[in-house]
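The lines below spell out each chain.
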Amino acid sequence: MDIQENIVNKVAQSGLVTLDPADFYPAGERVIYDIKDNLFHGLILKEKDFREFIKEHDWAQYEGKNVGITCTADAIVPAWAYMLLANRMAPYAREIVFGNKEVLETVLFEKEIAKADFEQYRGQRIVLKGCGDTEVPVSAYVEITKRLTAVVKSLMFGEPCSTVPIYKRKD
């Protein structure tokens, strides 16, 4: 008996376009500056001591880095302290945000996504890749979904072989 089997790649024939959110991964090292290290007894920011620190600190170490400024101590820190840090880091750092690593990643991804031309996906059937080696914040998925929904024919999440429908344009 002669059996001939043709293997057909239905995914390749489906016309689906896979978009990997990791492609928007922003460049640069991430650094979190915790102002708790400048607090007296972990409770109080002394202006005189803080201003002395601001003068003496090596700000060049933030060259090209993405910096999140935060305070993990349960202390009241005046806004001007964060402003002084941002002012001194600004000539060196690639990006400065107020917040922890999660906030930093959200801002970095959003800026990269804002640069993208989603018009190229107009009328396409898109699968937004759901897993990979690069950690992508949920906020990036939300932002990409928001932008794609305006132009695509359909949007799915996952892998082409196993997707979760997110949006389908009704014509």
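Notes on the structure in this doc start here. Position numbers for residues start from 1 in each chain and track the written sequence from start to end. It should be noted that, the model being predicted, local features are given only for residues of pLDDT at least 70 and side-chain atom pairs only at 80 or more, the latter also being counted only at that level, while totals for whole chains, interfaces and linings use all residues. Think of the side-chain values as coming from all heavy atoms in the structure, minus any hydrogens and water.

## A few points about the state of the cysteines
- Cysteine sulfur atoms that pair up within 2.5 Å are treated as a disulfide. All told, the structure shown has zero disulfides when counted by the stated rule.
- Sulfur of Cys131: no disulfide; nearest cysteine sulfur belongs to Cys161 and is 9.2 Å away.
- The classification of residues rests on relative accessible area computed with a 1.4 Å probe and restricted to protein chains. Under 20% of the type maximum is buried, over 50% is exposed, and intermediate values are partly exposed. A relative accessible area of 52% places Cys131 in the exposed class.

## Considerations on the packing of helix α2 (residues 47–56) against helix α3 (residues 79–89)
- Whenever a helix is involved, its axis is fitted only over the stretch in contact; in every case the axis is a line through C-alpha atoms, and angles between N-to-C directions fall within 0 to 180 degrees. Each helix is a run of H or I in the DSSP string that is no shorter than four residues. Each strand is a run of E no shorter than two, and both are numbered from the N terminus. At a closest axis distance of 11 Å, the pairing of α2 and α3 adopts a crossing angle of 10°. Looking at the two axes, α2 sits roughly parallel to α3. Here α2 contributes Glu47, Phe50, Arg51, Phe53 and Ile54 to the contact with α3, which in turn contributes Trp80, Ala81, Leu84, Leu85 and Arg88.
- For the contact of α2 with α3, the class distribution of residues is seven nonpolar, no polar and three charged. Working rule for angles: under 35 degrees goes down as roughly parallel, over 145 as roughly antiparallel, 65 to 115 as roughly perpendicular, anything else as oblique. Contacts are assigned to residue pairs that have any heavy atoms within 4.5 Å of one another. Note on residue classes: Ala, Val, Leu, Ile, Met, Phe, Trp, Tyr, Cys and Pro are nonpolar, Asp, Glu, Lys and Arg are charged, and everything else, Gly too, is polar.

## A word on the sheet that holds strand β7 (residues 162–168)
- When DSSP locates at least two bridges between a pair of strands, those strands are taken to pair. With mixed pairing, four strands are arranged side by side in an open sheet as β1-β5-β6-β7. Here the strands that pair on one side only, and so sit at the sheet edges, are β1 (16–19) and β7. The average angle at which neighbouring strand axes cross in this sheet is 30°, direction not considered.
- Pairing between strand β5 (residues 125–129) and strand β6 (residues 154–159): five bridges, direction parallel. For Leu128, the partnering residue across the bridge sits in β6 and is Phe157.
- The sheet contacts of helix α5 (residues 138–149) involve β1, β5, β6 and β7, and relative to β5 the element is tilted by about 175°.

## Considerations on the layout of surface pockets
- Volume-wise, the largest pocket comes out at about 150 Å³.
- In terms of lining, the largest pocket is formed by Tyr25, Lys101, Glu102, Glu105, Glu135, Val136, Pro137 and Val138.
- Ranked by residues supplied to the lining of the largest pocket, first place goes to helix α4 (residues 101–115) with three residues.
- Counted by class, the lining of the largest pocket contains four nonpolar, no polar and four charged residues. We place a 1 Å grid over just the protein atoms. Points where a 1.4 Å probe fits but has no way out form a cavity, open points with protein on both sides within 12 Å along at least 5 of 7 lines form a pocket, and any residue with an atom within 4 Å of a point lines it. Grid points are joined across faces, edges and corners, and a volume is the space filled by probe spheres set on the points.

## Examining the side chain of Thr70
- Checked against the element boundaries, Thr70 lands in strand β3 (residues 66–70).
- For Thr70, a relative accessible area of 13% gives the class buried.
- Ignoring sequence-local partners within four residues, the contact set of Thr70 consists of Ile32, Tyr33, Asp34, Ile35, Tyr82, Gly99 and Asn100.

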